[in-house]
Amino acid sequence: EINFSGSSVSLRLKEASFNLDHRRVIVPTETTFAVKVQHSVVNMMFEGTTQCELAWDFQGSSPILQTTPQGQTPAQANHEDRRQVPLLIKDLCQGRLNLEVSSVGGISFTQASTTREDKVGLYDWKFFNAIVSPDDDSPARIMDVLHDKKTMHQLLSVIELINAEIERALRYFLSKFWRAKEIIDQEGISDPGQVIPGYKLARLVSLFLCGDTSEVGEVLPLIRRVVAGNGLDVVKAKELLRKYVEAYDEWAAEIDRGVKWAAVMLGPMTITQPIEESKVSPLSERINPCCYDGIPTAKELYETLQDKPQLPLDQSFSNLVSRIAPYMSLRQVSYVLHLRPARDWQPFDLKRLRYVYSIKKKVHEISESYGGLSFMPQSFFVSIFLGEATRSSLRAAAANQDTGHDDMVNEVVKVEKRTALSSLRQRRLRGSMRVAGEDDFESFVMSPAGRVASRVDLSSLQPHFDDPDATPHTISKVEDLLGDSLL
């Protein structure tokens, strides 16, 4: 467990600049950054959360982006050759963010202020959440920012110094975007359902293309053709675009791809033929069932657990359930734990079952929450999780090893004195240095399921755990079917 609660760090820059070829970013003098951790606990069970406060202050100024002609550096160029622009608008030159990190590594902002503490407006906490952790309200907030011409002109000025061609394209698209917004407002449209009638949609497209309704007669047949399921008339659509789009010749290839993409999206779909089921028996029926002796089915497992509920479980059965727990689903492990009271299990087996349940539960939570900027810290959380799982796996292997493998037992027992990665590297190195056969190599690099599937004589794995005639060697073969699964 790692506890960062109460930690704080602050940074004051007396003078700072960053250079990249002919570009330079100048940070205002006495700029300050501060991080104050109110609560932060990280452990391998993913139960900890983090709340911290981030603050910045550029002392009323904005960082400056300077550029010079190619081949010159900002420090060597004359003042007349330098071009510069502020990177931030005034509202973002000072602020404070209160962010939270969930137990699975998700970032979200609960409060944020810019310029002053009680700031509520375009750049409040919802703006930062829309960028990092989008929710249902994020699209509306992003649209508000795109409609803020002051912010967009500032952004275009910065992009112009970086790449003039990209700036020109973005400026063109933004101008059309603002024009579309003005047309929608003038027509009194506030809901997408108000655009559904064909004539209304044709009127909007005509106003957007030429500024009046003169092209309604040309646009309406295109819309009716799509609604009828006959697809988009690509030739007619290109003619309209060529007539009213000034940059058509310059962007002919890109516009052509866009029209063809729209034609595919709006065109009729080919009905897929029904899939013919091939009559193949399940894998479980094709393999000799004798090789599964010693491994209970779900039905046998539940029947044994429900039998004689007033008596504690047999020690061997308790150990078996704890060992096969990694191969069970989250609902199965939860059911097994709630079916019998804690006193019916062996202490070590109960601890292992609860451990497997907590891991499967966190894996399920991660499967529902991952990816994107909002889960950037997740890799750090997962690394702690996997590291502890690996160490626990090696401890379990040390407890379950056969007495005939003294060297391997000694190697694993030393895990407390060095890292898990060190033990794994030593194990792999020792295996590569000895003269090993093909079967030995496959047993090392393959998973337990892979090792079983690669065996030729599966019928040799027949003895049951409770068979008094089974030898230790054959029992170890059946145990190898289960593996350890890093748990």
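Residues numbered from 1 in each chain as written. Predicted model: local features only at pLDDT ≥ 70, side-chain atom pairs only at ≥ 80, totals over all residues. Heavy atoms only, no water.

Participant: Help me get a handle on the sheet that holds strand 7 (residues 64-67), residues and values and all.
Facilitator: Hydrogen bonds along the backbone pair up the strands of a sheet, which may run parallel or antiparallel. The antiparallel open sheet is built from four strands, whose spatial order is 3-4-7-8. Each edge of the sheet is formed by a strand with only one pairing partner; in this case those strands are strand 3 (16-20) and strand 8 (83-86). Sheet twist, expressed as the mean angle between neighbouring strand axes with direction ignored, is 20 degrees. As paired strands, strand 3 and strand 4 (residues 23-27) are joined by five bridges and run antiparallel to one another. Pairing of Asn19 across the sheet is with Arg24, part of strand 4. (Pairing = 2+ DSSP bridges. Helix = DSSP H or I, 4+ residues; strand = E, 2+ residues; numbered from the N terminus. Axes fitted to C-alpha atoms, helices over the stretch in contact; angles between N-to-C directions.)

Participant: How would you explain the pattern of salt bridges if you had to name every residue and give the values?
Facilitator: According to the stated counting rule, one finds 14 salt bridges in the structure shown. Measuring nitrogen to oxygen at the nearest pair gives 3.1 Å for the salt bridge that ties Lys243 to Glu215. You can see Lys243 sitting in helix 7 (residues 234-244) and its partner Glu215 sitting in the loop between helix 5 (198-210) and helix 6 (216-227), a full 28 residues away along the chain. Residue classification places Lys243 among the exposed residues on the basis of a relative accessible area of 56%. Among the salt bridges present, the one from Asp256 reaches Lys238, with a minimum N-O distance of 2.0 Å. Pair noted here: Asp256 is in helix 8 (residues 252-266) and Lys238 is in helix 7, with a separation of 18 residues, a long-range link. Salt bridges linked by common partners bring Glu187, Lys200 and Arg203 together as one network. (Salt bridge = Lys/Arg side-chain N within 4 Å of Asp/Glu carboxyl O. Buried < 20%, exposed > 50% of the residue type's maximum accessible area, 1.4 Å probe, protein only.)

Participant: Could you give me a rundown of the packing of helix 11 (residues 315-324) against helix 13 (residues 347-368), with the residues and numbers involved?
Facilitator: Relative orientation and spacing of two packed helices are given, respectively, by the angle between their axes and the distance between those axes. Two elements in contact, helix 11 and helix 13, have axes whose closest approach is 9 Å; the angle formed by their N-to-C orientations is 20 degrees. It follows from the interaxial angle that helix 11 and helix 13 lie roughly parallel. Helix 11 and helix 13 meet at a crossing whose hand is left-handed. Of the residues in helix 13, those in contact with Gln315, Ser318, Asn319, Val321, Ser322 and Arg323 of helix 11 are Asp349, Arg352 and Leu353. Considered class by class, the residues forming the contact of helix 11 with helix 13 number two nonpolar, four polar and three charged. (Parallel < 35°, antiparallel > 145°, perpendicular 65-115°, else oblique. Left-handed = near helix turned anticlockwise from the far one by under 90°. Contact = heavy atoms within 4.5 Å. Nonpolar A, V, L, I, M, F, W, Y, C, P; charged D, E, K, R; others polar.)

Participant: Pulling in residues and values, what's your account of the packing of aromatic side chains?
Facilitator: Enumeration according to the criterion identifies three aromatic pairs in this entry. Taken together, a centroid distance of 5.8 Å and an interplanar angle of 85 degrees make the contact between Phe33 and Phe58 edge-to-face. Remark: Phe58 occurs in the loop between strand 6 (50-57) and strand 7 and Phe33 occurs in strand 5 (residues 31-42); sequence separation between them is 25 residues. Centre to centre, the rings of Tyr172 and Phe173 are 5.8 Å apart; their planes meet at 75 degrees, and the pair counts as edge-to-face. (Phe/Tyr/Trp six-rings, centres within 6.5 Å; stacked < 30°, edge-to-face > 60°.)

Participant: Hey, could you go over the side chain of Thr68 for me, with residue numbers and the actual values?
Facilitator: Along the chain, Thr68 turns up in the loop between strand 7 and strand 8. For Thr68, a relative accessible area of 6% translates into the label buried. Reaching out from Thr68, the side chain makes a polar contact with the backbone oxygen of Gln72 at a distance of 2.9 Å. Excluding anything up to four places from it in sequence, Thr68 contacts His22, Thr73, Pro74, Ala77, Asp81 and Arg82. (Polar contact = N/O pair within 3.5 Å; in protein donor to acceptor, adjacent residues only side chain to side chain.)

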